[in-house]
Amino acid sequence: MEKNISVNPPTDNLVITAIGKDRPGIINELSKIVLEQKGNVVDSRMTVLGGEFAILLLVSGKWDTIARLETTLPKFQERLDLTILTKRTSDRPIKQDHLPYHVEVISIDHPGIVYKVADFFSSRQINVEEMNTSSHHAPHTGTPMFVLNMVLGVPRKESITQLRENFLDFCDSQSLDGLLEPIK
């Protein structure tokens, strides 16, 4: 009788959040700790905001790897000069009933843009799965500009034509240049 042998043993997941003063080597030091504990970085986001470094890591590993990381990482906070938080998580379910869409908004910078755009999609039960924003000064004029990029999970039942039309009307009413397009 043939036994079912799993090629990939079950893994657990841990989200690691770290923030602290920006300096060279932080990613190297954090990823080394994860590797030493036999963890695998499967997803990450990192940025510098002002003078602060911030990173999110999704780490997978066997249950004992995740347990070691949960107990080991807090011990490194002082040495790395970082605030580190960890949280166990499960694999994200695949949402086959959602379509990935990209949103881009560009505008003269003013308070409330993130809230208003997020509220537009939230009120329609459309999930924002990823968001990045940045500001810069326009060439020649120096006008403060704001750029927002989102990845959405749009339910298949949603009329994309109507959603796009409503979004563009919304952008016009808020003096925003907006774009809503499928991710290919």
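What this report covers is the structure whose coordinates are included nearby. (Residues numbered from 1 in each chain as written. Predicted model: local features only at pLDDT ≥ 70, side-chain atom pairs only at ≥ 80, totals over all residues. Heavy atoms only, no water.)

Next up on the list: a negative patch on the surface. A surface patch of negative charge is lined by D22, E52, E78 and D81. One can find E52 in strand 3 (residues 52–61). Look at E52 and you get partly exposed, because its relative accessible area is 37%. (Patch = residues over 30% accessible without salt bridge, like charges linked within 9 Å, V, L, I, M, F, W, Y side chains within 5 Å. Areas by Shrake-Rupley, 256 points an atom, 1.4 Å probe, with all protein chains shown as cover. Salt bridge = Lys/Arg side-chain N within 4 Å of Asp/Glu carboxyl O. Lys, Arg positive; Asp, Glu negative; His and termini not counted. Charge placed at Lys NZ, Arg CZ, Asp CG, Glu CD. Helix = DSSP H or I, 4+ residues; strand = E, 2+ residues; numbered from the N terminus. Buried < 20%, exposed > 50% of the residue type's maximum accessible area, 1.4 Å probe, protein only.)

Secondary-structure assignment places K116 in helix 3 (residues 113–122). Note on K116: relative accessible area 34%, which makes it partly exposed. Measuring from C-alpha to C-alpha, the distance between K116 and C171 comes to 9.7 Å, with 55 residues separating the pair along the chain. Those residues within four positions of K116 in sequence are excluded, and the remaining contacts are F170 and Q174. (Contact = heavy atoms within 4.5 Å.)

So, about the sheet that holds strand 8 (residues 177–182). With antiparallel pairing, four strands are arranged side by side in an open sheet as 6-7-5-8. Two strands lie at the open edges of the sheet, namely strand 6 (127–137) and strand 8, each paired on one side alone. The sheet shows a mean angle of 15° between the axes of neighbouring strands, direction not considered. Pairing of strand 5 (residues 98–108) with strand 7 (residues 144–155), which is carried by eleven bridges, proceeds in the antiparallel orientation. Bridging across to strand 7, I106 finds its partner in V147. Across the sheet, helix 3 is in contact with strand 5, strand 6 and strand 7; its angle to strand 7 comes to roughly 15°. Contacts from helix 4 (residues 160–173) reach strand 5, strand 7 and strand 8, with the element oriented near 165° to strand 8. (Pairing = 2+ DSSP bridges. Axes fitted to C-alpha atoms, helices over the stretch in contact; angles between N-to-C directions.)

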